[in-house]
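# Structural overview for review
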There are 2 protein chains.
Amino acid sequence: MTKKPLILVTNDDGITAPGIRALIDVMNEIGDVVVVAPDSPQSGMGHAITINSTLHCSKIDVDHGPQTEYSCSGTPADCVKLAVNELLGRKPDLCVSGINHGSNSSINVIYSGTMSAALEAGIEGIPAIGFSLLDYRWGADFEVVKPFVKEITLKALENSIPENVVLNVNFPQGTETPIQGIKVCRQAKANWVEEFDKRTNPMGREYYWLTGKFVNEDQGEDTDEWALEHHYISVVPVQYDLTAHHAIQNLNTWQFE
Amino acid sequence: MTKKPLILVTNDDGITAPGIRALIDVMNEIGDVVVVAPDSPQSGMGHAITINSTLHCSKIDVDHGPQTEYSCSGTPADCVKLAVNELLGRKPDLCVSGINHGSNSSINVIYSGTMSAALEAGIEGIPAIGFSLLDYRWGADFEVVKPFVKEITLKALENSIPENVVLNVNFPQGTETPIQGIKVCRQAKANWVEEFDKRTNPMGREYYWLTGKFVNEDQGEDTDEWALEHHYISVVPVQYDLTAHHAIQNLNTWQFE
């Protein structure tokens, strides 16, 4: 690529989160950057879109950097739709989402606002990568992963992400044990075992907080969970065609009338 | 199955929507029914879950039917989590979601609250089916599809839905042209071309409404869009392992350092 790529940056933790600021820093070294991100945290929003209320969007300047920035009232998927259809003059060469404060490995991809933005870009034909760090804290250290964000992004621009696929990249916590490298993986088969915390409000009415425990029974060494546990960065190719093609033959034996 | 199956019913249009009432009618003919559904419409919520606020749930009686019903403040995925972990005494034999007022064919599956409930059940190891009717109107005619809902549900209980798969069933409008039959399909490769309706509020601030046009360039006769257009019911097996396994080999040639 001879001229600078146009890079759309978004996230789900909100436009002022340290994770997106780190991502913007790296992208400013690679291309022309436009940020369109939620004005407030949107974690757990999955692939929600705003269809029954209005969307607002304001041009803002967060850190006097070279990037252009818009703060939006919607979900991560809304931000990508607004960026592509209203705010950017042309289709971006790449969309990056994150760096999320917390894991989006394994089944978490399906609840993830970070990955929903990347998937939305993919659906619209834009190469896309979601980045997440396995550290939920606002003060998580993103410096140590920045060189890897840059390497993966440059490789993606150079090699082209396969069609109808977006990348889900998760970083282990790199501050205590050094990162061992980058592994291409499949999504581990794991899930959350919910434990609702049931309480009673001052008016005597019961309510619940959703809590839960992540359970991974997938022992495969080709999974993202294995890679992260062994201090590797996991790169999972993710698709938005949800058809279980392997199941079609079975269903065809059901003999519907 | 000799004893009556325990069936969990939910949706995303809200517990009083005509679509879920029709679904409850049919399920009452098949098993013991517990309804746990949102207290208000949740369309477009994708796989959102409520992690930063509390959930409320009330036992209610909508129509004096034999089913047990709970109205919940959360998203469709929240309803399934609450049902399975707090409200039902045992794991249900089946979870059905819908009947949605409007299509969840093709790429719509990814934005769909109806299907997110079915996927959530699938992730928790419960056989699950999402039903949708291609008629957005509150007054849509669900009577004509009831026999097909029953047939598909009975076939699913009899044959068992393949592991790690949930069914996405869409009904064509059956009132003008008779339904031609049931087809097992793949998800068509189609997407929405957004057109934001930009307006100015009374205070002079700009805002947007998300609108759009559905564009299907997939000519395959094995797709859900083809089936629905030709007055067939589409049944797509859907998976929640989003790994694009076919792309792993390509990514392994990228030679990360």
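## Section: the overall build of chain A
- A tally of helices and strands in chain A yields six helices and 11 strands.
- Its C-alpha atoms give chain A a radius of gyration of 19 Å, near enough to 18 Å, the size a compact globule of 257 residues would have.
- Projecting the C-alpha coordinates of chain A onto the three principal axes gives extents of approximately 55 × 50 × 50 Å.
- Looking at chain A as a whole, 53% of its 257 residues qualify as buried.

## Regarding the interface of chain B and chain A
- Across the contact, 61 residues belong to chain B and 61 residues belong to chain A.
- Counting residues per element, the ones that place at least two in the side of chain B that touches chain A are helix H2 (76-87), helix H3 (113-123), helix H4 (146-159), strand E8 (181-184), strand E9 (190-200), strand E10 (206-216), strand E11 (232-239) and helix H6 (248-251) of chain B.
- Sort the elements by how many residues they give to the side of chain B that touches chain A and E11 of chain B lands first, with five residues.
- In the side of chain B that touches chain A, the residues fall into 33 nonpolar, 18 polar and 10 charged.

## Details of the nonpolar core
- With 154 residues, the main nonpolar core has Leu 23 of chain A together with Leu 23 of chain B as its most contacted residues.
- Setting aside residues up to four positions removed in sequence, Leu 23 of chain B forms contacts with Val 9, Val 96, Gly 98, Ile 99, Phe 131 and Val 149 of chain B.

## Focus on the sheet that holds strand E3 (residues 57-60) of chain B
Residues and elements named next belong to chain B.
- The nine strands lie next to each other as E3-E4-E2-E1-E5-E6-E7-E11-E8, forming an open sheet whose pairing is mixed. The open sheet has two edge strands, E3 and E8, and neither has a second partner. On average, adjacent strands in this sheet sit at an angle of 20 degrees to one another, irrespective of strand direction.
- Packed on one face of the sheet, H2 meets strand E1 (6-10), strand E2 (32-38), E3, strand E4 (68-72) and strand E5 (94-101) and runs near 135 degrees to E2.
- Packed on one face of the sheet, H4 meets E5, strand E6 (128-133), strand E7 (165-171), E8 and E11 and runs near 165 degrees to E6.

## Things to note about the pairing of E5 of chain B
Residue and element names in this part refer to chain B.
- The buried fraction of E5 amounts to eight of the eight residues, a majority that puts the element mostly inside the structure.
- Sheet topology places E1 next to E5; four bridges connect them, and they run parallel. For Thr 10, the partnering residue across the bridge sits in E5 and is Ser 97.
- Across five bridges, E5 lies against E6 in parallel orientation. Pairing of Cys 95 across the sheet is with Ala 128, part of E6.
- Taken together, E5, H3 and E6 form a β-α-β motif whose crossover is right-handed.

## Brief notes about the packing of H2 of chain B against H3 of chain B
Residues and elements named next belong to chain B.
- For the pair H2 and H3, interaxial distance at closest approach is 7 Å and the crossing angle is 30 degrees. As far as their axial angle goes, H3 and H2 are roughly parallel. The two elements H2 and H3 meet at a crossing, and its hand is right-handed. Packed against H2, whose contacting residues are Pro 76, Ala 77, Cys 79, Val 80 and Lys 81, the element H3 presents Gly 113, Thr 114, Ser 116, Ala 117, Glu 120 and Ala 121 at the interface.
- Among the residues forming the contact of H2 with H3, the class breakdown is six nonpolar, three polar and two charged.

## Quick look at the relation of the copies chain B and chain A
- The two copies are related by a screw motion: chain B maps onto chain A through a turn of 180 degrees and a shift of 0.0 Å along the axis, at an RMSD of 0.0 Å. The two molecules are tied by a two-fold rotation axis, judged by turn and shift.
- Comparing contact sets, 100% of the residues at the interface of chain B also lie at the interface in chain A, consistent with an isologous, same-surface contact.

## Let's talk about the packing of helix H1 (residues 18-28) of chain B against H4 of chain B
Residue and element names in this part refer to chain B.
- H4 packs onto H1 with a crossing angle of 50 degrees between their chain directions and a minimal axis gap of 10 Å. Judged on the interaxial angle alone, H4 and H1 are oblique. Once H1 is placed against H4, the crossing between them reads as right-handed. Counting all contacts with H1, which are made through Ala 22, Leu 23, Asp 25 and Val 26, the residues of H4 involved are Lys 146, Val 149 and Lys 150.
- Residues of the contact of H1 with H4, tallied by class, amount to four nonpolar, no polar and three charged.

## A short note on the sheet that holds strand E5 (residues 94-101) of chain A
Residues and elements named next belong to chain A.
- Within the open sheet, the nine strands sit side by side as E3-E4-E2-E1-E5-E6-E7-E11-E8. Their pairing is mixed. Only two strands of the sheet have a single neighbouring strand rather than two, namely strand E3 (57-60) and strand E8 (181-184). Along the sheet, successive strands turn relative to each other by an average axial angle of 20 degrees, direction set aside.
- Alignment of E8 against strand E11 (residues 232-239), held across four bridges, turns out to be parallel. In the strand pairing of E11, Val 184 is matched with Val 235.
- Running at roughly 170 degrees to strand E6 (residues 128-133), helix H3 (residues 113-123) makes contact with strand E1 (6-10), E5, E6, strand E7 (165-171) and E11 of the sheet.
- Contacting E5, E6, E7, E8 and E11, helix H4 (residues 146-159) crosses the sheet at an angle of about 165 degrees to E6.

## Some words on unusual backbone geometry
- Gly 98 of chain A connects to Ile 99 of chain A through a cis peptide bond whose omega is -15 degrees.
- With respect to the secondary-structure elements, Ile 99 of chain A resides in strand E5.
- One non-glycine residue, His 231 of chain B, adopts positive backbone phi at about 65 degrees.
- When you line up the elements, His 231 of chain B lands in the loop between helix H5 (224-229) and E11.

Reading guide: rules and limits
Counting restarts for each chain, with residues numbered from 1 along the sequence as it is written. Note on labels: chains are lettered from A, ligands numbered from 1, in written order. pLDDT decides what is reported in this predicted model: residues at 70 or higher carry local features, side-chain atom pairs at 80 or more are listed and counted, and totals for whole chains, interfaces and linings draw on all residues regardless. For the purposes of this entry, the term helix denotes a DSSP run of H or I that reaches at least four residues, the term strand denotes a run of E that reaches at least two, and both are numbered from the N terminus. We compute the radius of gyration over the C-alpha atoms and compare it with the globule rule, which gives 2.2 Å times the number of residues raised to the power 0.38. Three classes are used. A residue is buried when 20 or more other C-beta atoms lie within 10 Å of its own, exposed when 12 or fewer do, and partly exposed in between, with C-beta atoms placed from the backbone. By the convention adopted here, residues make contact when the C-beta atoms placed from their backbones lie within 7 Å. Each residue is assigned to one of three groups, with Ala, Val, Leu, Ile, Met, Phe, Trp, Tyr, Cys and Pro labelled nonpolar, Asp, Glu, Lys and Arg labelled charged, and all others, Gly among them, labelled polar. Here a nonpolar core is just a set of buried residues of the types Ala, Val, Leu, Ile, Met, Phe, Trp, Tyr and Cys, joined wherever their C-beta atoms sit within 7 Å. Note: two strands are recorded as paired if DSSP finds a minimum of 2 bridges between them. The angle between two axes is taken between their N-to-C directions and runs from 0 to 180 degrees, where each axis is a line fitted to C-alpha atoms and a helix contributes only its stretch in contact. With the strands aimed away from the viewer, a crossover counts as right-handed if its path from the first strand over the helix to the second runs clockwise. Small angles under 35 degrees read as roughly parallel and large ones over 145 as roughly antiparallel, with 65 to 115 read as roughly perpendicular and the rest as oblique. Crossing handedness: left-handed means the near helix sits turned counterclockwise from the far one by under a right angle, and right-handed means the same turn made clockwise. Least squares is the method used to superpose the copies, on C-alpha atoms of residues holding a pLDDT of at least 70 in both.

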